[in-house]
Every structure is written in structure tokens, then in C-alpha cells.
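A look at the structure
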Amino acid sequence: MPGLVSVKTPPEAQPLRIAVPDCNSLQIRSNSDRSEAVVPKTASPVVRRPPSPSPSTSRAKPSPDRGSGKKKSPEKVVVDESSLDNPDLGPFLLKLARDTIASGDGPSKALDYALRASMSFERCAVEGEPSLDLAMSLHVVAAIYCSLGRFDEAIPVLQRAIKVPDVDRGADHALAAFSGYMQLGDTHSMLGQLDRSIECYKAGLKIQMEALGETDPRVAETCRYLAEAYVQAMQFDEAENLCQKTLEIHRVHSAPASLEEAADRRLMALICEAKGDYESALEHLVLASMAMIANGQENEVAAIDVSIGNIYMSLSRFDEAIFSYQKALTVFKSSRGENHPSVASVFVRLADLYYKTGKLRESRSYCENALRIYAKPVPGTTVEEIASGMTEISAIYESFNEPEEALKLLQKAIKMLEDKPGQQSTIAGIDARIGVMFYMTGRYEEARSSFESATAKLRASGERKSAFFGVLLNQMGLACVQLFKIDEAAELFEEAREILEQECGPCHQDTLGVYSNLAATYDALGRVEDAIEILEYVLKLREEKLGTANPDFDDEKRRLVDLLKDAGRSRNKKAKSLENLIDPNSKRTKKDGARKWSAFKIKT
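Only a predicted model underlies this, so the values are computations on that prediction, with no experimental measurement involved.

**So, the overall build of the chain**
If you tally the helices and strands in the chain, you get 24 helices and zero strands. The buried share among the 604 residues of the chain stands at 53%. Across the chain, every contact between residues at least 6 apart in sequence was considered, and the portion connecting residues at least 24 apart equals 68%. As displayed, the chain has an accessible area near 26700 Å², and 49% of this comes from carbon and sulfur atoms.

**Things to note about the packing of helix 8 (residues 236-253) against helix 9 (residues 259-274)**
Where helix 8 contacts helix 9, the two axes come as close as 9 Å, and the packing angle between them is 160 degrees. Overall, the two elements helix 8 and helix 9 adopt an arrangement that is roughly antiparallel. With respect to the hand of their crossing, helix 8 and helix 9 are arranged in left-handed fashion. When helix 8 is examined against helix 9, the residues F236, A239, E240, C243, Q244, T246, L247, H250 and R251 are found in contact with a partner set consisting of E260, E261, D264, R265, L267, M268, I271 and A274. When grouped by side-chain class, the residues that make up the contact of helix 8 with helix 9 number eight nonpolar, three polar and six charged.

**Side note on the pattern of salt bridges**
Under the definition given, this model contains 29 salt bridges. Across the salt bridge formed by R169 and D166, the nearest N and O atoms sit 3.3 Å from each other. Accessibility expressed as a relative area gives 28% for D166, which makes it partly exposed. Between R349 and E392 there is a salt bridge, and its shortest N-O distance comes to 3.1 Å. Highlighted residues: R349 in helix 13 (residues 341-356) and E392 in helix 15 (residues 383-399), separated in sequence by 43 residues. Of the two residues examined, R349 and E392, each falls in the buried class. Ionic contacts of the salt-bridge type, sharing partners, join the residues R349, D352, K356 and E392 into one network.

**Brief notes about helix 16 (residues 403-417)**
Look at helix 16: 21 Å from first C-alpha to last across 15 residues, which is about the 21 Å you get at 1.5 Å a residue. Here the buried face of helix 16 lies against helix 14 (360-375), helix 15 and helix 17 (424-440).

Reading the values: rules and limits
- Residues numbered from 1 in each chain as written.
- Predicted model: local features only at pLDDT ≥ 70, side-chain atom pairs only at ≥ 80, totals over all residues.
- Heavy atoms only, no water.
- Helix = DSSP H or I, 4+ residues; strand = E, 2+ residues; numbered from the N terminus.
- Buried < 20%, exposed > 50% of the residue type's maximum accessible area, 1.4 Å probe, protein only.
- Contact = heavy atoms within 4.5 Å.
- Areas by Shrake-Rupley, 256 points an atom, 1.4 Å probe, with all protein chains shown as cover.
- Axes fitted to C-alpha atoms, helices over the stretch in contact; angles between N-to-C directions.
- Parallel < 35°, antiparallel > 145°, perpendicular 65-115°, else oblique.
- Left-handed = near helix turned anticlockwise from the far one by under 90°.
- Nonpolar A, V, L, I, M, F, W, Y, C, P; charged D, E, K, R; others polar.
- Salt bridge = Lys/Arg side-chain N within 4 Å of Asp/Glu carboxyl O.
- Expected span 1.5 Å × (residues − 1).

None of this, on its own, says anything about what the molecule does.
This is the structure we're talking about:
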């Protein structure tokens, strides 16, 4: 299964809180607390989370943990609805909402104050004049809804908020619109709707660039933020262009080897790695490491060493990879403790490396050490970190030919993530992994259920046009074939073909595999002419663009000849039985429980 790549917010990042913007200090700027570090490399399927906090202080999200130093909560104020016409009431209620949030008294009371404040601002607004106070109060209402997990209710509030400001009226209005779009993008991201999230970020970036110019350092922060979102959506070309722009801006406005440049290069390395350009990724990581060393960031240097080890492993330079991993491991153990999840993550990388080099005993030992850490996590460890580690370890156990143990880990990971906002795409990826494992072990009904669950989540999150979704539909179609649900399989293959033609092109191996599967399915349904048309098209592609050396060429040519002979004898001839179509040489008996379907292509 193709893996999904994430850009993680470091565990040391400050908890996010609801912030009520101050009208006197509005400017288009990025959050100074925004995390700079980008931790690359997670194995497939990764735990995907929304990008680090958006570059706007007015849209910071609330933290469920509000700390121990609680202020005294304000007493509940009873407000007469008729008094909402008082222009002094809106600011008063908004201040009460802010004080309630700061006291840790719970967001429900703060929501009541913020809603009343927005009603008051709306009533007191001068007709035809956009009210920044109203926009600000709506941002706060939406932030509180998000803190309560009511993301669907936050979206219409933010959609209303972005219509209030008039960006032609100056920087304050531009900031309000910018903040609204970015907060709306964050909310869509928490619902797993990456395509809508990216559109909102793009709109916010456009407003910011028009207000500040294209080379302002604050624009660079937003460009990098949007690039992170593109990485999560696996749109690496767009991410690379934005990250390159960010680097160019920081070269002008920042000192050489700055922390900003280091963060940019780490993201660029992640993008290059995803595109298979390992040498460029290594170059960016080395420069980022030098910048972190110059700034005394020991833990960040260790994190970069892990990324460098990943690149070396991709290049099969295993000795250098081990050296990089061991360097990072030494630093993490000394600075964070031997039971920290960062230590476990390095154990997982070492386990993967030793498996690839044939040292199975060492690989298993590192897996067990990592699982011991995940079983008793230290305070501050997020469930996303644990779930990510478990999915990576499950892939290694699957390589050990221990599918049951791998399934247990994946199911634990899903259980951890199922109640977490913004994790639907990640869960879908894990469901897909589980489906492939069920399929490979002959548990086709369970495989189909897992694929169906994954596709439903991806459709809901707006990822129905990605190449990953096309491959997933192909997998689900194969499971339906094994269950003799041929009509359903044909529909799935047709949808997969449409997506993969658009995303990968007709000559891509995944697309060709779907063509072959669809031709076989059409033949099974008696649609011989449609099957012939597809196979002729595939053979033409191979002969004219791909060459005939591929072993699939002879198989497809033989199948086409057989179909043409059948069509020549009688076009109304009953279609081959599915059993013979899938494997013409198979003489399956009732005792033969393992069916082989050589005409169908499974892409794992």
C-alpha cells in the first residue's frame, strides 16, 4: 500500500489555547509560537494529523488540558435579550468569554458569552459597514465549538465570519479575512477534508500576499504552512514550489543558517524523499543539521539524524544509516530518558533496517523494545505517536509472516485514533492495510469490509480523487471478485480506472493493472466486446510506449487471442465461468480452498 506522509508537530510544542484577538494589535502576521521543526519519515500508513498551528494568533485552538494555575472563574451573568442593542455589551461579553477560557472553567459557559457577544455586535453594527468586532467574536465562537469537538457547527460560523470583512478597507480587515480563512482551513483539516482545507489556506495566503507583498517573511510562514498541507494531501509538486518560495524569502530576510531556513530545508527534504530524490533530500538535511548545530538545538539535530538515517536506508547504505540512528538514540536517551517515544521511534527504524539486512533476531528485539515503551508511555506521549509506532511495527511483523500479530497492532492503533479529530484519513489507511492482510490470507469477506470502511472514510474526507483512493478501489474490486460479486467489482474497477487515468496516466503500472482486471470482469459478465476493446488498448500502449518485454504482455496477448476466437465463433456465446476466466489452467476441486486468479492484478 502506498504510504501517506505526515509533517508532525513536535511533542514539545506549546499546547494550543483559545485566544481572543485584541483589536488594538491586529496585524497580518504569523504565530510566533508556531513549531519550526518538521519531523520527516513515517512508515505506511502514517498517523496523519493536521499541520502545525496556522499562522494566526486569532485562530489558535483550545487545549483540553488547561494547566493547574486556574484563575477564579467569572460569575455567571444573566443578560436580558433586549439589552443586546447596547453597544457596550458586546465587548463586555467577549471579555467574559475570554476570562472564562483563561480560568479553565469550561468552554460551555464561554460559548454562551461569545454567542451573545456576536449577537450584540450584529445588532449594533451600522448598516453597510463591516464590523470587525462581529468577525472577531465569530472566530472565538468557532474556536470554542472546535474545543468541544463540534467541528461541523464551527464551519458555518467561520463561513459567515469570512464574509464580514472588506479587505479593501485596510490591514485590519485583511487580517480578519486572513484569520477566518486559515481557521476555516484548520477546521476542515480536523474533519479530514484536506481538499477544502487547502482551498481555504490558498485563499488566506492570497489575501496576505496582497496586503503585505509576496516577499514578506510572514508570507513565508504561511507558504510553508500550506506546503505542509500539500504534503499531507500527497501533492508534492505544489508543496515543493511553495517550500522553495519560503526558502527564497528566508534567504533574504534571515541570517545564514537560521532556524527558519533549517525548518524549510527539513520540509524540502521530506518532499524530495517522497518524490524519490534521495540525494537532494540528503543535501537539505545536512544543511538543516548544520544550522541546528550552530543554534545549539541538540534534540533537533538528533531528529535530523533519524531522517538522514532514513535516506541512507532508502539508498541501501546500511552502515551509514545505523551510525545515524545510533547517534540520535544516544542523544534521545540522555536528554529525554530511555522510555521516551522518540527512543521507541528509533528502535522501530533500527528494527526495519535489521530486517532488511537479514538480521531477524536483532530486528525482533528492537520491535519488542519499542512495544514495551508504547505499552507504558511516559506523561506527555500522544496517542498519535503510539498509533504511528504500532502501524510501523505491524509492517515488520507482517514481513516476519506473523499476520495475526500485525493485525492486533493495527486494530489497537485504530482503537486509539477512532475518537481523535482529524484522523479519519489515517484510520482509512490502516483499514486498507488490514484489508490487504485479510485478502492475502484468504479472508475475503473481512477484506471487503475493511476496504469498504476505508473508502467510506476517504469519500467523506474529500480524497475520492487521489491515486491512493484509486488503488484502494482496485483492491476492493479484487475482494468482490473472490466473493463472486462481479457486478460490484466491475463498478469499482471502472471508478478506479477513471481516477488512475487522471492521477497517474494510462501508462502507469497501477492503471494498467486496473485495465487488465476490468477486461477480465467484463468477460465474466459476458461483455466480450468491451473486454476486447480494453485489451487491444493495453497492448497498443505496451507496443508503442512501454515495450513488449514485460511478462504481462504475453499473457494479455494470449487472453486477447482467446477472446477474439470466442467472439468469432459466436458473439452470443455464454461467457466463461469466472473460475476458468481467472485461471484457465486451474482444475479447482471442492477440497481446493485456495483460488488463484491470474488475470487479476493485486497491487500491495
